Amino acid sequence: MSKIAIIGATGRAGSQLLEEALRRGHSVTAIARDTSKIGARNGVVSKNVDVLDGAALQDAVAGHDVVITAAHFATVPAAAIVGPVKQAGVKRLLVVGGAGSLLLPDDTRVIDSAGFPAEYKAEASAGAAFLEALRQEQDLDWTFLSPSAEFVEGERSGKFRVGQDHLLVSAEGRSWITFADYAIALIDEVEAPKHSRQRFTVGY
């Protein structure tokens, strides 16, 4: 079993990753600005950390096998995560990515499409920049998992498709994944790495 540190463990994606990791018997360090809503859980150590405090984050992730970050890209740039993780001596970083940098059938990015919602542009642009920073990274064993266009609450079905750089769209024309099924795909990657130094995606 792995020792996993989850940055942003109280968010919608982070909380499902926490549940999935515990379900499989991993030990988890939950990192967030305020972890009080997690409460006392077997297998969980909670640490209140301002992620932009590099020294505090380095201290919080030291000694783990894997760090997963589910922090918002618009407020937490790649350097704020990558630096402390490397300095802590952790080799693997898995990132809850965004769909904006995925490719459409014509190989243009989702974020550059005409109908892309303006309110998501800043976060999606920052996510694309985070991915680009990882692609320049020489030392870390990183993986960036992009969800589908709709990243939503819903059931844990365990049934989904995995893709690489292109947006997945269902037979009904919808591009979506639940937080719970996304968590399965990412914890699968923790346990059996298949996308080292790559981005991949998951959807129905």
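Going by the structure above, here's the rest.
Notes on the structure in this doc start here. (Residues numbered from 1 in each chain as written. Predicted model: local features only at pLDDT ≥ 70, side-chain atom pairs only at ≥ 80, totals over all residues. Heavy atoms only, no water.)

### Considerations on the nonpolar core
Nonpolar side chains in soluble globular proteins generally cluster together in the buried interior. In plain terms, the rule: In plain words, nonpolar cores are sets of buried Ala, Val, Leu, Ile, Met, Phe, Trp, Tyr and Cys residues tied together by side-chain atoms within 4.5 Å. Residue exposure (1.4 Å probe, protein chains only): buried if accessible area is under 20% of the type maximum, exposed if over 50%, otherwise partly exposed. The numbering of helices and of strands both runs from the N terminus, where a helix is a DSSP run of H or I of at least 4 residues and a strand a run of E of at least 2. The contact criterion used throughout is that any non-hydrogen atoms of two residues lie within 4.5 Å.
Among the nonpolar cores identified, the biggest contains 29 residues, and I6, L17, I68, V96 and L186 are the most heavily contacted of them. Listing elements by their share of this core, those giving two or more residues are β1 (3-7), α1 (12-23), β2 (27-32), β4 (66-69), β5 (92-96), α5 (179-191) and β10 (198-203). A per-element tally of this core places α5 first, with seven residues. Setting aside residues up to four positions removed in sequence, L186 forms contacts with L17, I68, L94, V96 and L145. Grouped together as the second largest cluster of nonpolar side chains are 28 residues, A60, V76, A78 and A126 included.

### Some details on helix α4 (residues 121-135)
Which entries qualify depends on this criterion: Working rule for helices: expected span equals 1.5 Å times residues minus one.
With 15 residues, α4 should cover 21 Å at 1.5 Å per step; its first-to-last C-alpha distance of 21 Å lies within 8% of that length. For α4, the full list of buried residues reads A124, A126, G127, A128, F130, L131 and L134. On its buried face, α4 is in contact with β4, α3 (78-87), β5, β6 (141-146) and β10.

### Focus: the packing of α1 against α5
Quick reminder of the rule: Axes here refer to lines fitted to C-alpha atoms; in helices the fit is confined to the stretch in contact. Angles between the N-to-C directions go from 0 to 180 degrees. Each angle gets one of four labels, with under 35 degrees taken as roughly parallel, over 145 as roughly antiparallel, 65 to 115 as roughly perpendicular, and the rest as oblique. Each helix crossing is assigned a hand: it is left-handed if the near helix lies turned anticlockwise from the far helix by less than a right angle, otherwise right-handed if that turn is clockwise. Three classes are used, and their members are as follows: Ala, Val, Leu, Ile, Met, Phe, Trp, Tyr, Cys and Pro are nonpolar, Asp, Glu, Lys and Arg are charged, and the others, Gly among them, are polar.
Remark: α1 packs on α5, axes separated minimally by 8 Å, with the N-to-C direction vectors making an angle of 55°. The angle between the axes of α1 and α5 places the two elements in the oblique class. Relative to α5, the crossing made by α1 is right-handed. Residues R12, A13, Q16, L17, E20 and A21 of α1 form the contact with α5, whose own contacting residues are F179, A180, A183, I184, L186 and I187. Looking at the contact of α1 with α5 residue by residue, the classes come out as nine nonpolar, one polar and two charged.

### Quick notes on the pairing of β1
Side-chain positions along a regular strand alternate between the two faces of the sheet. Here is the rule we go by: Should DSSP find at least two bridges between two strands, the strands are regarded as paired. When the strands point away from the viewer and the connection leading from the first strand across the helix to the second strand turns clockwise, the crossover is called right-handed.
Where burial is concerned, most of β1 is hidden: four out of the five residues are buried. Examined bridge by bridge, β1 and β2 share five bridges and lie parallel to one another. Bridge pairing in β2 links A5 to T29. As a crossover connection, the stretch from β1 through α1 into β2 is right-handed.

### Quick look at the packing of aromatic side chains
Think of a pair of aromatic rings as described by two things: how far the centres are apart, and how the planes are tilted against each other in angle. This is how the line gets drawn: Ring pairs are drawn from Phe, Tyr and Trp, using the six-membered ring of Trp, whenever the two centres fall within 6.5 Å, and their geometry is named by plane angle: stacked under 30 degrees, edge-to-face over 60, tilted for the rest. Each ring is checked for a lysine NZ or an arginine CZ that lies within 6 Å of its centre and within 35 degrees of its normal; such an atom marks a charge sitting over the ring.
If you walk through the whole model with that rule in mind, you get five aromatic pairs. Cluster of aromatic residues (ring-pair linked, three or more members): F73, F130 and F144. Here the guanidinium or amino end of R174 rests over the ring plane of W176, the centre of that ring lying 3.9 Å away.

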